[in-house]
Amino acid sequence: MTTLELKDYNIYVGDCWEAFRQLIRERHYSQLFVIVDENTEQHCLPLLQEKTGLDNLQRIRISAGELHKNIDTCQFIWRSMMQANADRKALTINLGGGVIGDMGGFCAATFKRGMDFVQVPTTLLSQVDASIGGKLGIDFQDVKNSVGLFANPQAVFIDPSFLQTLSQREVRSGFAEIIKHALIADLDQWKTLLAQPDLSAIDWSALIVPSLKIKQKIVEQDPFERGLRKALNFGHTIGHAVESHALTSPEPLLHGEAIAIGMIAELYLSHQQLGLPMASTRQATQFLLSRYDRYIPDADATQRLIALMYNDKKNEGGQINFSLLPQLGQVEVNQACSEASIADALRYYREACQGFDE
């Protein structure tokens, strides 16, 4: 087991269950709630119970998917806690991916002004990204994570064996955040990723820990996203807009799939704004296109996507802000881009999709 010690809590990676049992023994919680969806209830909850020996968990089951990450689901969670006479000495265990981690933590941190919670991320995406940093929230009026707060868990327990319950599509979605961490902060890690042709053969523990350390270093320097932490949003300004745009379509995108699109477009913005060499831009573009299905928003959707970007939390002074790359493995935050530049970047993505098919 690997332990990452943050200022306020620890992240345990690997066979982390004795640390989990120790936390439960020491805290003497009045009640133990576990938030699951229909997938983690079936595939992950039995493993949690087997590994911890806990048989007194009060489960709160919600519907799976980003579409349900909203205030209505929060009301269901709070109502379930209220009906169970939950108090502030109870513990909430968030067993699931980023949606459950974000929303379950948000509900726990606000119920009766806050109860303890722990994160048990079960997807690759949540293990390498949402599990660290204390950012909690829900979507509101089609804008991702627009209502939320900062609150840290008591601990995070990452067991890579949960990844065996995922589809390859879910694994690829999480892999996008590992790619992002390498592109913004670790050129050597990027070179390691370039040598990974087959996701089914990867030792995920070997990639999860370095990726977490990148995010840990950034978050500890900027816990409330006032500066450097914005680096973690590379690919997310455009990616979140694409994800929101696709949310109500017949084929919604997973988060990592949308972020892959966002990274490709923002690589081009990096070339235009900061001089990222075109060879590097094309290398990273081809790497992403070779691993993710193409989702090409119609050219008519450009203004809708730009309108969504104006709601991004990183914006300042009425300008759309980005975190961009001057070189692979480096990042600069607070890069304002014009609507025309953003439209060009979306055009680059569409043309790259077509060009690499030839």
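Residues numbered from 1 in each chain as written. Predicted model: local features only at pLDDT ≥ 70, side-chain atom pairs only at ≥ 80, totals over all residues. Heavy atoms only, no water.

## Focus on the overall build of the chain
Step number 1: Across its full length, the chain carries 14 helices and 11 strands.
Step number 2: Computed over the C-alpha atoms, the radius of gyration of the chain is 20 Å, within 12% of the 21 Å expected from 2.2 N^0.38 for a compact globule of 358 residues.
Step number 3: In terms of overall dimensions, the chain has a C-alpha envelope of 55 × 40 × 40 Å along the principal axes.
Step number 4: Taken across its 358 residues, the chain has 57% of its residues classed as buried.
Step number 5: Taking the contacts inside the chain whose residues are at least 6 apart along the sequence as the reference set, 76% of them involve residues at least 24 apart. (Helix = DSSP H or I, 4+ residues; strand = E, 2+ residues; numbered from the N terminus. Rg over C-alpha atoms; globule rule 2.2 N^0.38 Å. Buried < 20%, exposed > 50% of the residue type's maximum accessible area, 1.4 Å probe, protein only. Contact = heavy atoms within 4.5 Å.)

## Focus on the pattern of salt bridges
Step number 1: Applying the stated criterion across every chain, the model contains 12 salt bridges.
Step number 2: Two residues, E66 and K144, come together in a salt bridge whose shortest N-O distance is 2.8 Å. Of this pair, E66 sits in the loop between β4 (57-62) and α4 (71-83) while K144 is found in strand β8 (residues 143-150), placing the two residues 78 residues apart along the sequence.
Step number 3: Overall, the relative accessible area of 15% leaves E66 in the buried class.
Step number 4: Judged by relative accessible area, which is 9%, K144 ranks as buried.
Step number 5: With its nearest N and O atoms 2.4 Å apart, the salt bridge here joins R347 to D344. With R347 and D344 both in helix α14 (residues 339-355) and 3 residues apart, this pair spans about one turn of that helix. (Salt bridge = Lys/Arg side-chain N within 4 Å of Asp/Glu carboxyl O.)

## A few points about helix α5 (residues 98-110)
Step number 1: Here α5 spans 18 Å end to end across 13 residues, near enough to the 18 Å set by a 1.5 Å rise per residue.
Step number 2: For α5, the tally of buried residues reaches 12 of 13 residues, placing the bulk of the element in the interior.
Step number 3: Residues of α5 that are buried include every one of G98, V99, I100, G101, D102, M103, G104, G105, F106, C107, A108 and A109, and no others.
Step number 4: Looking at the residues trailing α5, positive phi occurs at K112, about 50 degrees. (Expected span 1.5 Å × (residues − 1).)

## A look at the nonpolar core
Step number 1: Membership of the largest hydrophobic core comes to 74 residues, with the highest contact counts inside it found for I11, F175, I179 and W204.
Step number 2: Per element, the largest residue contribution to this core is 10 residues, and it comes from helix α11 (residues 255-274).
Step number 3: Counting residues in each nonpolar core, the second largest holds 25 residues, with A19, V34, L45 and L95 among its members. (Core = buried A, V, L, I, M, F, W, Y, C linked by side-chain atoms within 4.5 Å.)

## Remarks on the pairing of strand β6 (residues 116-121)
Step number 1: For β6, the buried fraction is high: 5 of the 6 residues fall into the buried class.
Step number 2: In the sheet, strand β5 (residues 91-96) pairs with β6 via 6 bridges, with the strands oriented parallel. What sits directly across from G96, in β6, is P121.
Step number 3: Of the crossover connections in this fold, the one passing from β5 over α5 to the parallel β6 is right-handed. (Pairing = 2+ DSSP bridges. Right-handed = clockwise from strand over helix to strand, strands pointing away.)

## Let's talk about the packing of helix α8 (residues 187-194) against helix α12 (residues 278-289)
When two helices pack together, their arrangement is captured by the angle between the axes and the distance separating the axes.
Step number 1: Where α8 meets α12, the axes come as close as 12 Å, and the angle between the chain directions of the two elements is 45 degrees. Classified by the angle between their axes, α8 and α12 sit oblique to one another. The handedness of the crossing between α8 and α12 is left-handed. For the pair formed by α8 and α12, the contact residues are W190, L193 and L194 on the first element and Q283, A284 and F287 on the second.
Step number 2: For the contact of α8 with α12, the residue count by class is 5 nonpolar, 1 polar and no charged. (Axes fitted to C-alpha atoms, helices over the stretch in contact; angles between N-to-C directions. Parallel < 35°, antiparallel > 145°, perpendicular 65-115°, else oblique. Left-handed = near helix turned anticlockwise from the far one by under 90°. Nonpolar A, V, L, I, M, F, W, Y, C, P; charged D, E, K, R; others polar.)

## A short note on the environment of L6
Step number 1: Within the element layout of this structure, L6 appears in the loop between β1 (2-5) and β2 (10-13).
Step number 2: For the pair L6 and E220, spaced 214 residues apart in sequence, the C-alpha separation works out to 7.6 Å.
Step number 3: Apart from residues no more than four positions distant in its own chain, L6 is found in contact with I11, I132, Q216 and E220.

## A few points about the packing of aromatic side chains
Step number 1: Scanning all chains against the criterion turns up 9 aromatic pairs.
Step number 2: Taken together, a centroid distance of 6.2 Å and an interplanar angle of 80 degrees make the contact between W17 and F162 edge-to-face. Of this pair, W17 sits in helix α1 (residues 17-27) while F162 sits in the loop between β9 (155-158) and α7 (168-185), placing them 145 residues apart in sequence.
Step number 3: W17 gets classed as buried once you look at its relative accessible area, which sits at 1%. (Phe/Tyr/Trp six-rings, centres within 6.5 Å; stacked < 30°, edge-to-face > 60°.)

## Looking at the environment of K180
Step number 1: As for its position among the elements, K180 is in helix α7.
Step number 2: Sequence separation between K180 and T237 is 57 residues; the distance between their C-alpha atoms is 13 Å.
Step number 3: K180 has contacts with D129, L232, F234, H236 and M263, leaving out every residue within four places of it along the chain.
Step number 4: For K180, the side chain forms a polar contact with the main-chain oxygen of L232, separated by 2.8 Å. (Polar contact = N/O pair within 3.5 Å; in protein donor to acceptor, adjacent residues only side chain to side chain.)

## A few points about the side chain of H240
Step number 1: By the element assignment, H240 lies in helix α10 (residues 236-247).
Step number 2: The exposure class assigned to H240 is buried, which follows from its relative accessible area of 12%.
Step number 3: Sequence-distant contacts of H240, defined by excluding residues within four places in its chain, comprise K144, N145, H255 and I259.

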